[in-house]
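# Coordinates in review
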Amino acid sequence: MLLKKHAGKGGGREPRSEDPTPAEQHCARTMPPCAVLAALLSVVAVVSCLYLGVKTNDLQARIAALESAK
């Protein structure tokens, strides 16, 4: 259904010019960039802790092997 414009400024609305309904807003609830950055840094911190733990365990095993060889 078409709406007629009134004469002068601020006439009637054109069809589909109103705010979209929540069903039409597909990307309205995206995460803010700072939250994405915080999550990414948290994942990097956990991965680096796991990596350093594995490397430390490897070095301890190598030192124990060297000490037992003497």
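Fair warning: this is a prediction, and the values are worked out from it, not measured in the lab. (Residues numbered from 1 in each chain as written. Predicted model: local features only at pLDDT ≥ 70, side-chain atom pairs only at ≥ 80, totals over all residues. Heavy atoms only, no water.)

Next up on the list: the overall build of the protein. A count of helical and extended segments in the protein gives one helix and zero strands. A buried classification covers 0% of the 70 residues belonging to the protein. Accessible surface, the protein: about 7000 Å² in total, of which carbon and sulfur atoms supply 65%. (Helix = DSSP H or I, 4+ residues; strand = E, 2+ residues; numbered from the N terminus. Buried < 20%, exposed > 50% of the residue type's maximum accessible area, 1.4 Å probe, protein only. Areas by Shrake-Rupley, 256 points an atom, 1.4 Å probe, with all protein chains shown as cover.)

Let's shift gears to the UniProt feature "transmembrane region" (unreviewed entry) in the protein. Following the UniProt record, the feature "transmembrane region" (unreviewed entry) maps to residues 35–54 here. Between the end C-alpha atoms of residues 35–54 the distance is 29 Å, and the span holds 100% helix and 0% strand. (UniProt positions renumbered as here; feature names shortened; annotations may be inferred.)

So, on to a nonpolar patch on the surface. A contiguous nonpolar patch, built from Leu 37, Leu 40, Leu 41 and Val 44 and spanning about 390 Å² of accessible area, is present on the exposed surface. Mapped onto the elements of the fold, Leu 41 is located in helix 1 (residues 33–69). Under the relative-accessibility criterion, Leu 41 is labelled exposed at 52%. (Patch = residues over 30% accessible without salt bridge, like charges linked within 9 Å, V, L, I, M, F, W, Y side chains within 5 Å. Salt bridge = Lys/Arg side-chain N within 4 Å of Asp/Glu carboxyl O.)

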